[in-house]
Amino acid sequence: MKGHDLINTFLPDELVIEIFRHMHSKSSRDACSLVCKRWLALERISRRTLRIGASGSPDSFIKQLARRFVNVKNLFVDERLSISLPVQLGRRRGGNQSTLSPVKLHYTTERGESDDSDWESNCFSDAGLIALGEGFTKLKKLSLIWCSNVTSMGLQSFAERCRSLKSLDLQGCYVGDQGLAVVGECCKELKELNLRFCEGLTDKGLVELAISRGKSLKVLGIAACAKISDISLEAVGSHCRSLETLSLDSEFIHNKGLFAVAEGCRLLKVLKLQCINVTDEALEAIGTCCLLLELLALYSFQRFTDRLDNHRWRFVECHSVFQIVLSYLIFSLDNHRWRSLSAIGNGCKKLKNLTLSDCYFLSDKGLEAIANGSSELTHLEVNGCHNVGTLGLASVGKSCLRLTELALLYCQRIGDTALLEVGRGCKFLQALHLVDCSSIGDDAICGIANGCRNLKKLHIRRCYEIGNKGIIAIGENCKSLTDLSLRFCDRVGDDALIAIGQGCSLNHLNVSGCHQIGDAGIIAIARGCPELNYLDISVLQNLGDMALAEIGEGCPLLKDIVLSHCRQISDVGLAHLVKKCTMLETCHMVYCPGITAAGVATVVSTCANIKKVLVEKSK
């Protein structure tokens, strides 16, 4: 009935709160809170998570938040987040200045960097952390990212008040052993702890925490903590028997610490290692003991045993038998690597996700050993492993039939034959990432297109042997493709995008730097992909206003567009674009000589949802 508030009359508070809890979009929740005072109060009661930037006056801001949101259980404070201030740029059409949304204008300098000199921020400190403990006593999860002014004093006060805490992230906080020890003593339910870049910690603090909270701790992250050594990992191995996730990035960790973890933490499911002083023996121990491992990431894994060093010495001394000793050395190195990775393949039968990054001595035999043993593998990333070639990846295509995501970065020795094998064997592949793979060409992409019909994401960057032929095959066969990125692929032109527009319904497209693409290709995308919400067409020298007009007509859901370094577009095309793309939130148009200050004003005044505009400072 007109004039009657039926919703507030018939819906009880509990039901309205439950509706709010099912709204995952912050903007939607904020909009609902402005309907009436009752909804504002109920939305505040239902709010469980807050994310704030440590800018302005964060310490006093915490007290205000605590009074308004009494049931918050998850709080994220990040020093990297900046505030967004309203910029009065005139009236919007059909509205007044009071309806202006905050817009963040980013100007570029001659070097192309954002000018943030006008944005000042104060740091989140112990005072804020103490206020946080006093105001949010129900807190279950706290994340303090790069809050470098937080010390043990504030952490101690917080831990004494928030005893139900289950997850604590102290990345970049300069807390000491005393604060960490109090966390272990007070927070009996602590399960997750991130200590990345906590430079003030030593073995003493982590050992005390492992002893007091070892039974409950399931997730632990350590990086760039120079005073944390194998002693801490021995304590983790002895007391943290339920540990499931471990991330280590340290040059001060050796085999001894990893041996203790492998022996003691047999429930480990996720292991990420960037420890330059860890050798293959530690990896063998992991494969032998951690049989439940599901994710393994090895970064810069390059060290070998003393026995191999002795082989190197023999090579130096025996100049007269150069070829014999060199062959023996290569065989020994390769065999030893094969043995360690074979332990992973033979032992970790549940391994599903494998990342190998900058493992320079990894060879085809090592990758083959894992592929043959870990047939359940679904995600594989090979990054900068220069000795991995076609044979190694081909073994993955033959053995890992459940693979859904494959990323090859800087793999110069992997050729078309490997991806043809992947196309034949990995029918469930949904995502493929290729970066700087100079030996992969159109035949490989055609093989993927013909065999992997469920492909949803294809990202290619600087693979100069891939051209129209491969991408046309993708458009004709991969009808589920929604995310396509072809950055700086010089041989890809309009014909490829015409095929994509006719065969796929994209929501994400990036063709930055593909110089052969012009109006015809982008027009085909505009007409064939009405659900497109992200478009990067930067550095396309042949693109003109006609393409922008077609995007405006055909892509009403567009939210983000990058036009930088497009010299042929002008204010006219921009006006046609924003006329229909009313949902636009970000627009990058740096170094577009045809776009003037008037064009920038058109974007800001026409798009009610605009949040970020990137232009030269002169405009």
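Residues numbered from 1 in each chain as written. Predicted model: local features only at pLDDT ≥ 70, side-chain atom pairs only at ≥ 80, totals over all residues. Heavy atoms only, no water.

Colleague: Can you tell me about unusual backbone geometry, naming the residues and giving the values?
Modeller: Notably, Tyr410 is not glycine yet its phi reads approximately 55°, a positive angle. As for its placement among the helices and strands, Tyr410 is situated in the loop between strand S13 (405-409) and helix H17 (416-425). According to the relative accessible area criterion, Tyr410 is partly exposed, its value standing at 29%. Despite not being glycine, His565 shows a phi value in the positive range, around 65°. By the element assignment, His565 lies in the loop between strand S19 (560-562) and helix H23 (571-580). Accessibility expressed as a relative area gives 33% for His565, which makes it partly exposed. (Helix = DSSP H or I, 4+ residues; strand = E, 2+ residues; numbered from the N terminus. Buried < 20%, exposed > 50% of the residue type's maximum accessible area, 1.4 Å probe, protein only.)

Colleague: Any chance you could break down the pairing of strand S11 (residues 353-357) for me, citing the residues and the numbers?
Modeller: The buried count for S11 comes to 4 of 5 residues, which makes it a mostly enclosed element. Across 5 bridges, strand S10 (residues 295-299) lies against S11 in parallel orientation. Within S11, the residue paired with Tyr299 across the bridge is Ser357. Looking at chain direction, S11 and strand S12 (residues 379-383) are connected through 5 bridges and run parallel. Counterpart to Leu354 in the pairing with S12 is Leu380. Viewed along the sheet, the connection from S11 through helix H15 (residues 364-373) into S12 turns out right-handed. (Pairing = 2+ DSSP bridges. Right-handed = clockwise from strand over helix to strand, strands pointing away.)

Colleague: Before we move on, could you go through the layout of surface pockets and cite the residues and values that matter?
Modeller: Here the second largest pocket defines a volume of roughly 220 Å³. Lining the second largest pocket are 18 residues, with Ser167, Asp169, Glu192, Asn194 and Val219 positioned closest to its centre. Looking at the lining of the second largest pocket, the elements with two or more residues in it are strand S4 (141-145), strand S5 (167-169), strand S6 (192-196), strand S7 (219-223), strand S8 (245-249) and strand S9 (270-274). For the lining of the second largest pocket, the per-class residue count stands at 8 nonpolar, 6 polar and 4 charged. (1 Å grid on protein atoms, 1.4 Å probe; cavity = no way out; pocket = protein on both sides within 12 Å on 5 of 7 lines; lining within 4 Å. Points joined across faces, edges and corners; volume = space filled by probe spheres on them. Nonpolar A, V, L, I, M, F, W, Y, C, P; charged D, E, K, R; others polar.)

Colleague: Give a detailed account of the side chain of His588, specifying residues and quantitative values.
Modeller: Mapped onto the secondary structure, His588 falls in strand S20 (residues 586-588). Residue classification places His588 among the buried positions, given a relative accessible area of 19%.

Colleague: Tell me what's going on with the packing of aromatic side chains, and back it up with residues and numbers.
Modeller: What the rule picks out here adds up to 2 aromatic pairs. With a centroid separation of 5.3 Å and 35° between ring planes, the pair formed by Trp146 and Phe197 is classed as tilted. Note that Trp146 is positioned in the loop between S4 and helix H7 (152-161) and Phe197 in the loop between S6 and helix H9 (203-213), a separation of 51 residues in sequence. Classification of Trp146 as partly exposed rests on a relative accessible area of 34%. Judged by its relative accessible area of 27%, Phe197 is partly exposed. Geometry around Phe76 places Arg51 over its ring, the cationic atom sitting 4.1 Å from the centre. (Phe/Tyr/Trp six-rings, centres within 6.5 Å; stacked < 30°, edge-to-face > 60°. Lys NZ or Arg CZ within 6 Å of the ring centre and 35° of its normal.)

Colleague: Provide a residue-level description of the environment of Glu18, including the pertinent values.
Modeller: If you trace the backbone, Glu18 turns up in helix H2 (residues 13-21). Glu18 gets classed as partly exposed once you look at its relative accessible area, which sits at 35%. Taking the C-alpha atoms as reference points, Glu18 and Leu42, separated by 24 residues in sequence, lie 9.9 Å from one another.

Colleague: Describe helix H10 (residues 230-239), naming the residues involved and giving the relevant values.
Modeller: For an α-helix the count is 3.6 residues per turn, leaving residues at separations of three or four pointing the same way. Of the residues making up H10, those classed as buried are Asp230, Ser232, Leu233, Ala235, Val236 and Gly237. Residues of H10 that are buried make contact with H9, S7, S8 and helix H11 (255-264). (Contact = heavy atoms within 4.5 Å.)

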